Amino acid sequence: MITLYDIPSKLPGKAFSNNIFKARLAIAFKGLPFKTEWVEMCDIGPKMKALGADPTQTNPDGSPKYTLPVIYDDATGKCVSESMKIAEYLEATYPDKPSLFPFGTYAPIHLFNEYFPDVVQPGFIVFVSAFTDKLNPPTLEYIRRTREPLMGKKLEEMIPSPEEKVTLLAATKENFSKLDAIYASNGAGKMYFFGNIPSYADLILAANLIWIMLSVGMESNEWNAISNEWDGGRWGTLLKTLEKYNVNQ
Ligand SMILES: N[C@@H](CCC(=O)N[C@@H](CS)C(=O)NCC(=O)O)C(=O)O
């Protein structure tokens, strides 16, 4: 059984992180049974170190930094850190399950993974700042402690004004339209990055759409616009076919 380490929030499904949704969707897409172990952000370092997970980044003081997602697979005894490495591990270890990298499409999917953060970048602060009141106190306190000194301001001061939000979302919409043209180049009716075949590229997109939906609120005008109006409803339609992989176990 695979254990997925994820950060809890006050939301009903607890999960909220875009990077961790990538791993959650990838495990479910493969059809593998798994369980979630919830780790508040302040506990990621000590818990992942004790588990023997690899760090993924470096702290400002030069020490190794641990991030989630991490998985532990008791069938192989392996611990894997970092969402793309997790997808590659699942593909290599479970080749007979539905393919995350159909026809060996590793390079284009790596490219997509590098490119995608630029698509959401203008709206990033809008989306992350909306989670502040949805986080559990230990995680919120950790974010304050680690981010406020770096940014030189309080979290509350990082929340964009309603006017700024409109501008940032308009810039995000423009980026999504460029991605829409890329998807549309496959031809009419072809929903996925590789045409009719879903892959990890689409899961990267779906993970971020779920994160955006939870951030702005499923019932909000923003989510209605993003899912039903932006790019002729492409993103909402795509998410409808992939949200079944947002499994909470
Ligand atoms: N490229 C990494 C990014 C992982 C990442 O930044 N994870 C965040 C949660 S979304 C984290 O664990 N942060 C811990 C921290 O900042 O201390 C991946 O995709 O796995």
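About the thresholds
- Residues numbered from 1 in each chain as written.
- Predicted model: local features only at pLDDT ≥ 70, side-chain atom pairs only at ≥ 80, totals over all residues.
- Heavy atoms only, no water.
- Pairing = 2+ DSSP bridges.
- Helix = DSSP H or I, 4+ residues; strand = E, 2+ residues; numbered from the N terminus.
- Axes fitted to C-alpha atoms, helices over the stretch in contact; angles between N-to-C directions.
- 1 Å grid on protein atoms, 1.4 Å probe; cavity = no way out; pocket = protein on both sides within 12 Å on 5 of 7 lines; lining within 4 Å.
- Points joined across faces, edges and corners; volume = space filled by probe spheres on them.
- Nonpolar A, V, L, I, M, F, W, Y, C, P; charged D, E, K, R; others polar.
- Near = heavy atom within 4 Å.
- Polar contact = N/O pair within 3.5 Å; in protein donor to acceptor, adjacent residues only side chain to side chain.
- Areas by Shrake-Rupley, 256 points an atom, 1.4 Å probe, with all protein chains shown as cover.
- Sits in = over half its atoms within 2 Å of the grid points.
- Buried < 20%, exposed > 50% of the residue type's maximum accessible area, 1.4 Å probe, protein only.
- UniProt positions renumbered as here; feature names shortened; annotations may be inferred.
- Parallel < 35°, antiparallel > 145°, perpendicular 65-115°, else oblique.
- Contact = heavy atoms within 4.5 Å.

Go over the sheet that holds strand S6 (residues 78-81) with me, naming the residues and quoting the values.
Sheet architecture is open: four strands sit in the order S2-S1-S5-S6, paired in mixed fashion. Pairing within the sheet leaves two strands with one partner each, and these edge strands are strand S2 (34-38) and S6. Sheet twist, expressed as the mean angle between neighbouring strand axes with direction ignored, is 20°.

Let's hear about the layout of surface pockets: which residues, and what values?
A volume near 1,400 Å³ is recorded for the largest pocket. Lining the largest pocket are 43 residues, and of these Met41, Lys65, Tyr142, Ile143 and Arg147 lie nearest its centre. Elements supplying a minimum of two residues to the lining of the largest pocket: helix H1 (18-29), helix H2 (44-51), strand S4 (64-65), helix H5 (124-129), helix H6 (137-151) and helix H7 (155-158). For the lining of the largest pocket, the element with the most residues is H6, which contributes seven residues. For the lining of the largest pocket, the per-class residue count stands at 24 nonpolar, 14 polar and five charged. Taken as a whole, the second largest pocket holds about 230 Å³ of empty space. Looking at the second largest pocket, the residues that line it are Asn18, Asn19, Lys22, Asn113, Glu114, Phe116, Pro117, Val120, Gln121, Phe124, Ile204 and Asn208. The set of elements that each furnish at least two residues to the lining of the second largest pocket consists of H1, helix H4 (106-120) and helix H9 (200-216).

Can you lay out the site of the ligand for me, pointing to particular residues and giving the numbers?
In the vicinity of the ligand lie 14 residues, with Lys65, Leu68, Ser83, Tyr142 and Arg147 positioned nearest. Within the backbone of Leu68, a nitrogen or oxygen atom sits 2.8 Å from a nitrogen atom of the ligand. With respect to the ligand, the side chain of Tyr142 contributes an N or O atom lying 2.5 Å from an oxygen atom. Computed on the free molecule, the ligand has an accessible area of 520 Å², of which 84% lies beneath the protein chains in the complex. The site holding the ligand turns out to be the largest pocket. Residue composition of the shell around the ligand, by class: six nonpolar, five polar and three charged.

Account for unusual backbone geometry, naming residues and giving values.
In this model, Leu68 is joined to Pro69 through a cis peptide bond whose omega is 15°. By the element assignment, Pro69 lies in the loop between S4 and strand S5 (70-73). A positive phi angle, close to 65°, is found at Lys14, a residue other than glycine. As for its placement among the helices and strands, Lys14 is situated in the loop between strand S1 (2-6) and H1. When its relative accessible area of 36% is taken as the criterion, Lys14 is described as partly exposed. With a phi angle near 50°, Asp231 is a residue other than glycine that sits in the positive phi range. Its location among the elements puts Asp231 in the loop between helix H10 (221-229) and helix H11 (234-242). Note on Asp231: relative accessible area 19%, which makes it buried.

Give a detailed account of the UniProt feature "domain: GST N-terminal" (unreviewed entry) in the protein chain, specifying residues and quantitative values.
Those places that UniProt annotates as "domain: GST N-terminal" (unreviewed entry) correspond, in this numbering, to residues 7-98. Spanning residues 7-98, this segment combines 34% helix with 18% strand, and its end C-alpha atoms are found 27 Å apart.

Help me get a handle on the packing of H10 against H11, residues and values and all.
Following both chains from N to C, one finds H10 and H11 inclined at 85°, their axes separated by 4 Å at the closest point. Judged on the interaxial angle alone, H11 and H10 are roughly perpendicular. Residues Trp223, Ile226 and Ser227 of H10 pack against Trp235, Gly236, Thr237 and Leu239 of H11. Counted by class, the contact of H10 with H11 contains four nonpolar, three polar and no charged residues.

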